[in-house]
Amino acid sequence: GAVVSQHPSRVICKSGTSVKIECRSLDFQATTMFWYRQFPKQSLMLMATSNEGSKATYEQGVEKDKFLINHASLTLSTLTVTSAHPEDSSFYICSARGVSSGGWSKTQYFGPGTRLLVL
Amino acid sequence: AQKITQTQPGMFVQEKEAVTLDCTYDTSDQSYGLFWYKQPSSGEMIFLIYQGSYDEQNATEGRYSLNFQKARKSANLVISASQLGDSAMYFCAMREGANFGNEKLTFGTGTRLTIIP
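In this report, we go over the structure that sits alongside the text. If you're wondering where the values come from, they're calculated on a predicted model, not measured in any experiment.

1. Quick word on the overall build of chain A
Here is step 1 of the chain: Looking only at helices and strands, one finds zero helices and twelve strands in chain A.
Here is step 2 of the chain: Compactness check: chain A gives a C-alpha radius of gyration of 14 Å against a globular reference of 14 Å for 119 residues, within 12% of the reference.
Here is step 3 of the chain: Counting only C-alpha atoms, chain A reaches 45 × 25 × 20 Å along its principal axes.
Here is step 4 of the chain: For chain A, buried positions account for 50% of its 119 residues.
Here is step 5 of the chain: Within chain A, contacts between residues at least 6 apart in sequence are counted, and of these 56% link residues at least 24 apart.
Here is step 6 of the chain: Carbon and sulfur atoms make up 53% of the accessible area of chain A, which totals about 5900 Å².
Here is step 7 of the chain: Distance between charge centres in chain A, computed from 12 positive and 8 negative side chains, equals 5 Å.

2. Regarding the nonpolar core
Here is step 1 of the chain: One finds Tyr 25, Trp 36, Ile 49, Leu 77, Tyr 90 and Leu 113 of chain B to be the most contacted residues of the largest nonpolar core, which totals 25 residues.
Here is step 2 of the chain: Looking at this core, the elements that each hand over two or more residues are β2 (10–14), β3 (19–21), β5 (32–39), β6 (46–52), β8 (64–69), β9 (74–79), β10 (88–96) and β12 (111–116) of chain B.
Here is step 3 of the chain: Among the elements that take part in this core, β10 of chain B stands out by supplying four residues, more than any other.
Here is step 4 of the chain: Excluding residues within four positions of it along the chain, Tyr 90 of chain B makes contact with Gln 6, Leu 21, Trp 36, Tyr 37, Lys 38, Leu 48, Leu 77, Ile 79, Gly 110, Thr 111 and Leu 113 of chain B.
Here is step 5 of the chain: Residues Cys 23, Trp 35, Leu 116 and Val 118 of chain A belong to the second largest nonpolar core, which totals 24 residues.

3. A closer look at the interface of chain B and chain A
Many structure descriptions define interface size as the accessible area lost when the parts assemble.
Here is step 1 of the chain: Counting from both sides, the interface comprises 22 residues of chain B and, opposite them, 22 residues of chain A.
Here is step 2 of the chain: Contact between chain B and chain A buries roughly 1700 Å² in total, counting both sides, with carbon and sulfur atoms accounting for 53%.
Here is step 3 of the chain: Our enumeration of links across chain B and chain A arrives at two salt bridges.
Here is step 4 of the chain: The salt bridge partner of Glu 103 of chain B is Arg 97 of chain A, with a shortest N-O separation of 3.1 Å.
Here is step 5 of the chain: Put simply, chain B and chain A have five residue pairs in polar contact (both at pLDDT 80 or more) between them.
Here is step 6 of the chain: When residues of the side of chain B that touches chain A are traced back to their parent elements, those giving at least two are β5, β6, β10 and β11 (105–107) of chain B.
Here is step 7 of the chain: Its residues placed into classes, the side of chain B that touches chain A shows nine nonpolar, nine polar and four charged.

4. Considering the state of the cysteines
Here is step 1 of the chain: Summed over the entire model, instances satisfying the criterion amount to two disulfides over all chains.
Here is step 2 of the chain: Between the sulfur of Cys 23 of chain A and that of Cys 94 of chain A lies a disulfide, 2.0 Å long from S to S. Here Cys 23 of chain A and Cys 94 of chain A share a disulfide; its torsion about the S-S bond, 80°, makes the bridge right-handed. One end of the pair, Cys 23 of chain A, is in strand β3 (residues 19–25); the other, Cys 94 of chain A, is in strand β9 (residues 90–100), and 71 residues separate them in sequence. Neither Cys 23 of chain A nor Cys 94 of chain A differs from the other in exposure class; each is buried.
Here is step 3 of the chain: Disulfide pairing places Cys 23 of chain B opposite Cys 92 of chain B at an S-S distance of 2.0 Å. Negative torsions about the S-S bond denote left-handed disulfides, and the value of about -65° found for Cys 23 of chain B with Cys 92 of chain B makes this one left-handed. You can see Cys 23 of chain B sitting in the loop between β3 and β4 (24–25) and its partner Cys 92 of chain B sitting in strand β10, a full 69 residues away along the chain. Assigned by exposure class, Cys 23 of chain B and Cys 92 of chain B land together as buried.

5. Considerations on a nonpolar patch on the surface
All names here are of chain A.
Here is step 1 of the chain: On the surface, a cluster of nonpolar side chains totalling about 310 Å² of accessible area is made up of Ile 12, Leu 117 and Leu 119.
Here is step 2 of the chain: Topologically, Leu 117 is positioned in strand β12 (residues 114–118).
Here is step 3 of the chain: Leu 117 gets classed as partly exposed once you look at its relative accessible area, which sits at 39%.

Analysis parameters
- Per chain, residues are indexed from 1 in the order of the written sequence.
- The lettering of chains begins at A and the numbering of ligands begins at 1, in the order of writing.
- With the structure being a predicted model, the display of local features is reserved for residues of pLDDT at least 70 and the display and counting of side-chain atom pairs for 80 or more, all residues being used for whole-chain, interface and lining totals.
- The side-chain values count all of the structure's non-hydrogen atoms but skip hydrogen atoms and water molecules.
- Segments assigned H or I by DSSP are reported as helices when at least four residues long, segments assigned E as strands when at least two residues long, and all are numbered from the N terminus.
- It is over C-alpha atoms that the radius of gyration is taken, and the globule rule equals 2.2 Å times the number of residues to the power 0.38.
- For every residue, the accessible area (1.4 Å probe, protein chains only) is compared with the maximum for its type, and the residue is labelled buried under 20%, exposed over 50%, or partly exposed between those bounds.
- Any two residues having at least one pair of non-hydrogen atoms within 4.5 Å are treated as being in contact.
- We get accessible surface area from the Shrake-Rupley algorithm with a probe of 1.4 Å; when it comes to residues, only the shown protein chains can shield them.
- Positive charges are assigned to Lys and Arg, negative charges to Asp and Glu, while His and the chain termini are left out of the count.
- In this description, the location of a charge corresponds to atom NZ of lysine, CZ of arginine, CG of aspartate or CD of glutamate.
- In this text, buried Ala, Val, Leu, Ile, Met, Phe, Trp, Tyr and Cys residues form a nonpolar core when linked through side-chain atoms within 4.5 Å.
- When two parts are brought into contact, each loses some accessible area as probed by a 1.4 Å sphere; the total of that loss over both is the buried area.
- Salt bridge, as applied in this entry: a Lys or Arg side-chain nitrogen positioned within 4 Å of an Asp or Glu carboxyl oxygen.
- We call two N or O atoms a polar contact when they sit within 3.5 Å, provided that within protein one can donate a hydrogen and the other can accept it, with sequence-adjacent residues counted only if both atoms are side-chain atoms.
- Following the grouping adopted for this structure description, the nonpolar residues are Ala, Val, Leu, Ile, Met, Phe, Trp, Tyr, Cys and Pro, the charged ones are Asp, Glu, Lys and Arg, and the polar ones are all others, Gly among them.
- Here, the term disulfide refers to a pair of cysteine sulfur atoms separated by no more than 2.5 Å.
- Patch definition: residues above 30% relative accessible area lacking any salt bridge, with like charges linked at up to 9 Å and the nonpolar side chains Val, Leu, Ile, Met, Phe, Trp and Tyr linked at up to 5 Å.

Now the structure itself:
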């Protein structure tokens, strides 16, 4: 299957600082990328959908000024948590979909996730 | 109403036995897709199997099969001959609408499966 990487895998930061998480599709062009957050023992909650070259679409209740998403190329999307606070501590997962010779991928391919801890 | 319902928060199954994980869904769309993902303790989401709403045959992928009952709106995952490595969290998810590329997924609350040696 397609490979999606995320960096960093784990980050600890002080309250008030900003943290950038990268999501890369390694072997396909990701026209659409999705960002999720997952609290312990809970399901994945979609934060936003981003299409290459356009502004991200945020889900209701997600602060777009706090969670900045940039999808500048077909292989890279970034999520920046600005002025992070302890309540932003969570597991952030990206996923990507793209087109190959077989057409649109049926599924989203997920990155390995980033554990963010804000002190 | 919940769009994806997984009623089993946890299950314990003896190794080598078959296991069925339940999933029911709610949508008014005619075209939709149903997915199962496995999430081990490492956190990565591993795609297991997909069923399209217009697919007449139940999907199968190795030891995984999807028992798709459209009229009942259920999409249960069956794992045959369970292995210790199957211990993980399992999520059912749904894509509403046709497959045009940017449709979002809605996830259920998950079932934690533990395989007992």
